[in-house]
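A structural walkthrough
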Amino acid sequence: MESRIRVLLLGLSCCLMGGCASLHWPWHHKAAPVTAPVTANTDDDNAVPPTVIEPEVDRRKITVPKIKAHDSELGINFGIMSIEDFDTGPVSSLRYDYHLTEDYFFEANYGRAKGGKTSYEELSGNVQLLTDAERQFTYYNVSLGYNFLPGEIFIGRKLAMTSALYMIGGIGSVKFGGDQNFSLNFGSGFRVLPTNWLSIHLDVQDIAIKSDLLGVYRIKNNMEATIGASAFF
Amino acid sequence: MALAPTPARAAHESLQLFVTEPYLELHTGPGRGYPVQQVVERGESVRVLFRRTDWFRIRTESGFEGWADAASMNKLRLADGTRFSYNPGNREGYATHRWEAGITAGSVDGASLISGFAGLSITDHLHAELTASQFLGDVSTGYIYDVGLMHIFAPEWRLSPFLTLGTGWEVVNPLTTLTASQVRGSQTAYVGGGLRMYMTRRFFVRAEFRNHEVFTHTNFNEVQDEWKVGFGFYF
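Residues numbered from 1 in each chain as written. Chains lettered and ligands numbered in written order. Predicted model: local features only at pLDDT ≥ 70, side-chain atom pairs only at ≥ 80, totals over all residues. Heavy atoms only, no water.

Once that is clear, we can look at the overall build of chain A. When its secondary structure is counted, chain A shows 3 helices and 8 strands. Here chain A holds 233 residues, and 34% of them are scored as buried. Of all intrachain contacts in chain A linking residues separated by at least 6 positions in sequence, the fraction that spans at least 24 positions is 56%. (Helix = DSSP H or I, 4+ residues; strand = E, 2+ residues; numbered from the N terminus. Buried < 20%, exposed > 50% of the residue type's maximum accessible area, 1.4 Å probe, protein only. Contact = heavy atoms within 4.5 Å.)

On to the interface of chain B and chain A. The figure often quoted for interface size is the accessible area lost as the parts come together. Contacts between chain B and chain A engage 41 residues on the former and 36 residues on the latter. With both chains or domains summed, chain B and chain A bury close to 3400 Å², and 61% of this area falls on carbon and sulfur atoms. Inspection of the chain B/chain A interface yields 3 salt bridges. Between the two partners, chain B and chain A, sit 14 residue pairs in polar contact (both at pLDDT 80 or more). Elements that contribute at least two residues to the side of chain B that touches chain A include exactly strand E4 (45-52), strand E5 (55-60), strand E6 (65-69), strand E7 (99-108), strand E8 (111-121), strand E9 (126-136) and strand E10 (140-152) of chain B. Residues of the side of chain B that touches chain A, tallied by class, amount to 24 nonpolar, 8 polar and 9 charged. (Buried area = accessible area lost by both parts, 1.4 Å probe. Salt bridge = Lys/Arg side-chain N within 4 Å of Asp/Glu carboxyl O. Polar contact = N/O pair within 3.5 Å; in protein donor to acceptor, adjacent residues only side chain to side chain. Nonpolar A, V, L, I, M, F, W, Y, C, P; charged D, E, K, R; others polar.)

Let's shift gears to empty space enclosed by the protein. Empty space left among the atoms is revealed by rolling a probe the size of a water molecule over them. All names here are of chain A. For the coordinates displayed, the defined rule picks out 2 cavities of 30 Å³ or more. Its boundaries defined by the atoms lining it, the largest cavity holds a volume of some 70 Å³. For the largest cavity, the full set of lining residues is Ile83, Glu84, Phe86, Phe137, Phe176, Ile209, Ser211, Leu213, Lys220 and Asn222. Along the lines of polarity and charge, the residues of the lining of the largest cavity split into 6 nonpolar, 2 polar and 2 charged. Put simply, the second largest cavity is a space of about 60 Å³. If you trace the second largest cavity, you find it lined by Asn77, Arg95, Glu107, Asn109, Ile168, Ser188, Asp203, Val204, Gln205, Glu224 and Thr226. Counting residues per element, the ones that place at least two in the lining of the second largest cavity are strand E3 (104-114), strand E7 (198-211) and strand E8 (218-232). Broken down by element, the residue count for the lining of the second largest cavity peaks at 3 residues, all from E7. Class assignment for the residues of the lining of the second largest cavity results in 2 nonpolar, 5 polar and 4 charged. (1 Å grid on protein atoms, 1.4 Å probe; cavity = no way out; pocket = protein on both sides within 12 Å on 5 of 7 lines; lining within 4 Å. Points joined across faces, edges and corners; volume = space filled by probe spheres on them.)

Before going further, it helps to examine the nonpolar core. The biggest cluster of nonpolar side chains holds 18 residues, and the ones touching the most others in it are Leu17(B), Leu24(B), Val48(B), Phe56(B), Ile58(B), Met73(B) and Phe84(B). Listed in part, the 12 residues of the second largest apolar core include Met81(A), Phe176(A), Ile207(A) and Ile209(A). (Core = buried A, V, L, I, M, F, W, Y, C linked by side-chain atoms within 4.5 Å.)

This part covers the sheet that holds strand E4 (residues 136-155) of chain A. Residues and elements named next belong to chain A. As summarised here, the arrangement of the 8 strands in space is E1-E2-E3-E4-E5-E6-E7-E8, forming a closed barrel in which the pairing is antiparallel. Neighbour-to-neighbour, the strand axes of this sheet turn through a mean angle of 25°, independent of strand direction. Relative to strand E6 (residues 179-193), strand E5 (residues 159-176) runs antiparallel, the two being bridged by 15 bridges. Bridge pairing links Ser163 to Val192 in E6. (Pairing = 2+ DSSP bridges. Axes fitted to C-alpha atoms, helices over the stretch in contact; angles between N-to-C directions.)

As a further point, take the pattern of salt bridges. Taken as a whole, this structure holds 21 salt bridges over all chains when the rule is applied. For Arg95(A), the salt bridge is made with Glu107(A), and the minimal N-O distance between the two is 2.6 Å. On the criterion of sequence distance, the pair formed by Arg95(A) in strand E2 (residues 88-99) and Glu107(A) in strand E3 is long-range, its members being 12 residues apart. Take Arg95(A): its relative accessible area is 1%, and that puts it in the buried class. Note that Asp203(A) is salt-bridged to Arg95(A), the shortest N-O span being 2.8 Å. Here Arg95(A) lies in strand E2 and Asp203(A) lies in strand E7, a separation of 108 residues in the sequence. Each of Glu129(B), Asp146(B), Arg206(B), Glu208(B) and Arg210(B) takes part in one network of salt bridges that share partners.

A separate point is the packing of aromatic side chains. Inspection of every chain in the model, using the stated rule, returns 14 aromatic pairs over all chains. Geometrically, the ring pair formed by Tyr98(A) and Phe233(B) is stacked, given 5.9 Å between the ring centres and 10° between the ring planes. Of the two residues, Tyr98(A) is situated in strand E2 and Phe233(B) in strand E14 (residues 222-234); the pairing between them involves two chains. Looking at Tyr98(A), the relative accessible area reads 23%, which means it is partly exposed. For Phe233(B), a relative accessible area of 25% gives the class partly exposed. With 6.1 Å between their ring centres and 85° between their planes, Phe56(B) and Phe84(B) make a pair best called edge-to-face. In this pair, Phe56(B) is assigned in strand E5 and Phe84(B) in the loop between helix H1 (70-73) and helix H2 (91-96), connecting sequence segments 28 residues apart. The burial state of Phe56(B) is the same as that of Phe84(B); both residues are buried. Among the aromatic residues, those joined into a cluster by ring pairs are Phe86(A), Phe137(A), Tyr139(A) and Phe176(A). Positioned above the aromatic ring of Phe204(B), the side-chain terminus of Arg196(B) is 4.5 Å from the ring centre. Against the face of Phe117(B) rests Arg206(B), its NZ or CZ located 4.4 Å from the ring centre. (Phe/Tyr/Trp six-rings, centres within 6.5 Å; stacked < 30°, edge-to-face > 60°. Lys NZ or Arg CZ within 6 Å of the ring centre and 35° of its normal.)

Strand order in the closed barrel formed by 8 strands is E7-E8-E9-E10-E11-E12-E13-E14 (chain B), with antiparallel pairing between adjacent strands. Direction aside, the axes of adjacent strands within the sheet are offset by 25° on average.

If you check the domain split of chain B, you get domain 1 (15-86) and domain 2 (93-234). For domain 1 of chain B and domain 2 of chain B, the distance between their C-alpha centroids amounts to 43 Å. (Domains from an automatic or database assignment.)

With that settled, consider the confidence of the model for chain A. Residues and elements named next belong to chain A. Here chain A averages 83 in pLDDT, while 77% of its residues score no lower than 70. Taken element by element, chain A is modelled with least confidence in helix H2 (residues 26-31), mean pLDDT 51, and with most confidence in strand E1 (residues 72-82), mean pLDDT 96. Under a pLDDT of 50 for its full length, residues 30-42 has, in the predicted model, 1 contact with residues more than four places off or in other chains. (pLDDT = per-residue confidence, 0-100.)

Encoded structure:
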């Protein structure tokens, strides 16, 4: 009887110890770091699935700052304009350019010039064909430009500035001698950029109108040559 | 709490991009013909200072500045690893944009016409539109200001017809030497139609006809035919 109890207790303790060996106690993780690759025993029903490490930091959020577009130019021009039949006078204008691509740009101009006297008025003494106010030549035009010779100019060894020779053509309106006429303008210009934001222009253009100011309808060519500065923004 | 990650707020700063291709070429000017002056190697970062047309002004870590084109820029990556993308405009934007503006030229009753327009999309098909025009003729000059609606039949098509309907105000300055010319203003209404065609990037061409009914102070209204062609861009 006693031996039976001993066998029973012995069997029970073997079962318990076997069960204890298969258990993963909390201190087992610290005490036994895995140094060798562990091969999964698919037959072992007691295998614990590998723990998934949850990330403790959120993904970094990037706020993309807006990239400023410096496609526009605003500036002023000064120069001279030869108003057909009415001598040559000073001209000043406001200009706005919008660069569509590296090749093409849009331009808007608003300018004023002062016409002089016709040869007839000069020679005939006191004759006045127009009042002083009517000799004010006011124009605006909208044009399309093409940078047909982009390049760089060099000053000395260390200074290089981007530049372009461009052609321009457009339509607009001219107010002169009490009339307002539709105009066609075309010309050429040279642009150089001493800095990224500053642009210096040399422009020559013809503003042609059809006018009967002196009695007969004729095409009048008004040539202007200007130098200007504008700022990119 | 205090250690919570803060988003990289750099609105006041320039955009930082990383070179993941073998190198990034920097040109001396914003154009395809300008020579390459510097290359930025893989792993380095650059700052984007501003853009001019399709070219970007770039500053390297060492402080060197140059110009990179859009194709090269689209190969750079943001700090989170995503690819930088620059969209200069496409058909999808053309079909779904909010604002547009442009310039047209043409004729109204034989007088030359210069016109500017600005439009706001109510839906992709329906735009509210403002038009300001100056006409310059042999017998009169003046201005036409219109406000109206434009219905685009198929904004997703490259070439799409549209109809316009609206009202406006016309100021006429007769050019006459026999009697003292008097500037007169009249209300107008118009109906019209035309075609718009997407060109490239953000640009489109527009051709249009409008029939204006001018409500004069006399017993009869005047009718004016206006046609014009021009280009516009969306934004």
